Every structure is written in C-alpha cells, then in structure tokens.
Amino acid sequence: MKLVTYRINHTPARLGFVEGEMIVDAEKLGHIKQSPLPDNMLDFIDLGIDGINHAIQLLNTATKEELLDCSIPMGNATLMAPIPKPRKNIFGIGLNYTEHVAESARTLDTSKELPQEPVVFSKPTSAVIGPEGNIIHNQKITKQLDYEVELAVIIGKRGKNVPKEEALDYVYGYTVINDISARDCRRAGQWIVSKGQDTFAPMGPVLVTKADIKDPHNLNLSLKLNGEQRQNSNTKYMLFNINDLIHDLSTVFTLEPGDIIATGTPAGVGAGMTPQSFMWPGDVVEATVEGIGTLRNYVVDSEAAN
C-alpha cells in the first residue's frame, strides 16, 4: 500500500492512498463508507496493521462511483513529506556502507576503520521538506553542500530492547530520504549542525507499507545530480542492517510509532569525488529507492528563498 500526505493549492495537508494515477482521500473514503479513517499520516500509523487492513477493505469494497467521489488525479495534488512534522528528531545513521566509510576517511577525516556499532546522529523535525521542495543553500554558512540517498524506515509500534530477530515486526513502512549535509559545518566531531539545518531532510514521495516491500535488505538505491548518476548501490551492503539498527536504537531510546530511521548512504557523495563536487543553487537532485520511487528536489540560494 502506498500512502501520501498531500494538499491541493494551499489547503491543509491530508492523508491519501495511491491507486494508480489517483489519490483516494482517506477521511473522505471513510465518510462515504461510514467507517471513519484519519485525515493525517501519524494518526493512521498509530492504528498499526489494523488500520492498514481496514483501509484496504474499504478500498476493495468501494464502488467506482464511491472512489471517484473521494479521489483526485495525482497531477492535481502537491505531495508533501509523508510525515511532514515528525513527533521526534529523525534518527540518522552515519558510515553504514563500507565504501562510504573509505571515501569519508579520505576526505572528511573520519576513521578508516569500520564502525563496531552504529554511528547515530539526529536531524530536527524542522529539516523535513517534501518532494519538489527547495533545499536552501546558505553560502554564508556552507560551501560544501552535499547529498546522501538513503532508505528511511518508519516505526509502527512502541519498542524497547527489541531483539534483532523480532525487529522487522516493529517496522510500519519505508520511504526515501536525502540526508543533506553541509560538510564544512561539523563542530568538534558533532554532526547536527552539518545535517540538521532547515530543509536538510527531503523525504518522500510516498510511504510504502511493509507488506509491499518483500526484502528491504535487497533494494537498489541511487542518486542523480543534474541528470548525472552519482550514487548507485544496494541496501544489502549496509554494515548494520535494519534489524541491527532497531535493536541498537531501542536499547538506548524507546522507539515509538512514526519514528524515522535514515539507514545511511552508499559511496558517491560529492565530498568523496576527485575533485570534490558539491551542490549549488540551480541544481536538481533526484534520490531513488527501488519499490518506493524518486524524490526530486531543487537547490536554491538562501537569499532567493526569503
């Protein structure tokens, strides 16, 4: 099942289900079928698998006329981040692909040794933007604006000290995230200023529920900058897979429905190129994960964004 948060013009954000080239409005579908559904993603995630099954049952039993009454063409909607305002900071995982560890050691002064446990940082909720949104480049702050395509995991139920073998039971679904990074903004080894600036967490275009991703550990992921392929890898090359990450994070933090884990990026970032090649205003960046879709965003100068 593909879920979206969308709006029409400047109306408030709403939850929708993707059916072909149409978006079925969740709340309107529930009203027509006299069986309520939420109007926003977080409330729907809180319902867990029961909510998904309920929505599927309503979609499967709706007549064509009923669906038309609560649907709009995808092209008439503006897609937002699936979770436009997460409840908590996004959990980011650094250095989680072997070749990215090597390129980071060459150019970013990180250790050349493979991490022995996940490297965790966070991105504030104010960093989130949606598909087609603008990534703000403040040239007074950074001259090294970089991209990182990543698979994002959405947690579906509360968990503490989750065993590795049960970890995927806590997954609700997946989306694409571009972990934008200002490489020259790290402070004494701390990453949040580098990675947490406004607009530095593009996300989308859809949230795919867990049942529709057969194997999250075998998904191609890639990134293009201005049409040129920069990154191309597969989630099977993660150092710490999703089971490892959920287990590790849940020993420190209580994971809750709607929490987001950005699982790390493969090699090919701008900082790792020779010569280094970063993003600048006017650039178009496209991050793709197999089975989910392509997240496109535009780099704009901070002065133009104001």
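Please refer to the structure placed before this passage.
Conventions adopted
- Residues numbered from 1 in each chain as written.
- Predicted model: local features only at pLDDT ≥ 70, side-chain atom pairs only at ≥ 80, totals over all residues.
- Heavy atoms only, no water.
- Helix = DSSP H or I, 4+ residues; strand = E, 2+ residues; numbered from the N terminus.
- Rg over C-alpha atoms; globule rule 2.2 N^0.38 Å.
- Buried < 20%, exposed > 50% of the residue type's maximum accessible area, 1.4 Å probe, protein only.
- Contact = heavy atoms within 4.5 Å.
- Phe/Tyr/Trp six-rings, centres within 6.5 Å; stacked < 30°, edge-to-face > 60°.
- Lys NZ or Arg CZ within 6 Å of the ring centre and 35° of its normal.
- 1 Å grid on protein atoms, 1.4 Å probe; cavity = no way out; pocket = protein on both sides within 12 Å on 5 of 7 lines; lining within 4 Å.
- Points joined across faces, edges and corners; volume = space filled by probe spheres on them.
- Nonpolar A, V, L, I, M, F, W, Y, C, P; charged D, E, K, R; others polar.
- Expected span 1.5 Å × (residues − 1).
- Arc of directions from axis to C-beta.
- Salt bridge = Lys/Arg side-chain N within 4 Å of Asp/Glu carboxyl O.
- Polar contact = N/O pair within 3.5 Å; in protein donor to acceptor, adjacent residues only side chain to side chain.
- Pairing = 2+ DSSP bridges.
- Axes fitted to C-alpha atoms, helices over the stretch in contact; angles between N-to-C directions.

Trainee: I would appreciate a short explanation of the overall build of the chain in the present structure.
Mentor: Looking only at helices and strands, the chain features 8 helices and 19 strands. Computed over C-alpha atoms, the radius of gyration of the chain comes to 19 Å, within 12% of the 19 Å expected from 2.2 N^0.38 for 306 residues, which places it in the range of a compact globule. Dimensions along the principal axes, computed over C-alpha positions, put the chain at roughly 60 × 45 × 30 Å. Taken across its 306 residues, the chain has 54% of its residues classed as buried. Residue pairs at least 24 apart in sequence account for 75% of intrachain contacts in the chain once pairs closer than 6 positions are excluded.

Trainee: How should I be thinking about the packing of aromatic side chains in this particular structure?
Mentor: Within a pair of aromatic rings, the relevant descriptors are the distance that separates the centres and the angle that separates the planes. On inspection of all chains with the given rule, the structure shows 3 aromatic pairs. Where Phe17 meets Phe44, the ring centres are 5.6 Å apart and the plane angle is 50°; that geometry is what we call tilted. Of the two residues, Phe17 sits in strand E2 (residues 14-19) while Phe44 sits in helix H2 (residues 41-46), which places them 27 residues apart along the sequence. Exposure class is identical for Phe17 and Phe44. Each is buried. The ring of Tyr170 carries the charged tip of Lys157 above its face, separated from the ring centre by 4.6 Å.

Trainee: Quick question: what am I supposed to make of empty space enclosed by the protein here?
Mentor: Taking a probe equal in size to a water molecule and rolling it over the atoms shows the remaining empty space. One pass over the full model with this rule turns up 1 cavity of 30 Å³ or more. Space inside the largest cavity adds up to approximately 130 Å³. Forming the boundary of the largest cavity are 14 residues, of which Leu108, Glu148, Arg183, Trp191 and Lys195 lie nearest the centre. Looking at the lining of the largest cavity, the elements that each hand over two or more residues are helix H5 (98-107) and helix H6 (192-195). Classifying every residue of the lining of the largest cavity by side-chain character gives 3 nonpolar, 6 polar and 5 charged.

Trainee: Sorry if this is basic, but what is going on with helix H3 (residues 48-61) here?
Mentor: Spacing of three or four residues puts side chains on the same side of an α-helix, whose turn is 3.6 residues. For H3, built from 14 residues, the straight-helix expectation of 20 Å at 1.5 Å per residue is met to within 8% by its first-to-last C-alpha distance of 21 Å. What H3 keeps buried is the set Gly48, Gly51, Ile52, Ala55, Leu58 and Leu59. All buried residues of H3 project into a common sector of 130° when viewed along the axis, lining one side. Within H3, the exposed residues directed more than 90 degrees away from the buried face are Ile49, Asp50 and Asn60.

Trainee: Explain the pattern of salt bridges to me, please; I cannot follow it from the model alone.
Mentor: Any two side chains of opposite charge can pair if their charged atoms end up close together. Evaluated as defined, the whole model comprises 16 salt bridges. When the shortest N-O distance is used, the salt bridge between Arg14 and Asp25 registers 2.6 Å. Of the two residues, Arg14 sits in strand E2 while Asp25 sits in strand E3 (residues 22-25), which places them 11 residues apart along the sequence. In this structure, Lys195 and Asp179 form a salt bridge, with 2.8 Å as the shortest nitrogen-oxygen distance. One end of the pair, Lys195, is in helix H6; the other, Asp179, is in the loop between strand E12 (171-178) and strand E13 (181-182), and 16 residues separate them in sequence. Of the two residues, Lys195 and Asp179, neither departs from the other in class, the shared state being buried. One network of salt bridges, in which partners are shared, links Lys123, Asp146, Glu148, Asp179, Arg183 and Lys195.

Trainee: How should I be thinking about helix H7 (residues 242-252) in this particular structure?
Mentor: Among the residues making up H7, those that are buried are Ile242, Asn243, Asp244, Leu245, Ile246, Leu249 and Ser250. On the buried face of H7, the contacting elements are strand E6 (90-94), strand E7 (119-123), strand E11 (149-155), E12 and strand E17 (260-262). The N-terminus of H7 is capped by Asn241, whose side-chain oxygen sits 3.0 Å from the backbone nitrogen of Asn243.

Trainee: Can you walk me through the sheet that holds strand E19 (residues 293-301) in this structure?
Mentor: Within a beta sheet, neighbouring strands are joined by backbone hydrogen bonds and run either parallel or antiparallel to one another. Spatial ordering of the open sheet is given by E9-E19-E18-E15-E16, a layout of 5 strands whose pairing is mixed. Looking at the sheet topology across the chains shown, the edges are occupied by strand E9 (134-137) and strand E16 (228-234). Strand-to-strand, the axes of this sheet are offset by a mean angle of 20°, without reference to chain direction. With 6 bridges connecting them, strand E15 (residues 220-225) and E16 associate as antiparallel partners. By the bridge assignment, Leu223 is partnered in E16 with Gln231.

Trainee: Would you explain unusual backbone geometry in this entry?
Mentor: A cis amide bond links Gly204 with the next residue in sequence, Pro205, at an omega value of 0°. Examined against the element boundaries, Pro205 turns out to sit in strand E14 (residues 201-209). In this chain, Thr274 is followed by Pro275 through a cis amide linkage whose omega measures -5°. Positionally, Pro275 belongs in the loop between E17 and strand E18 (284-289). The backbone of Asn161 sits at a positive phi, close to 55°, despite the residue not being glycine. Position of Asn161 relative to the elements: it lies in the loop between E11 and E12.

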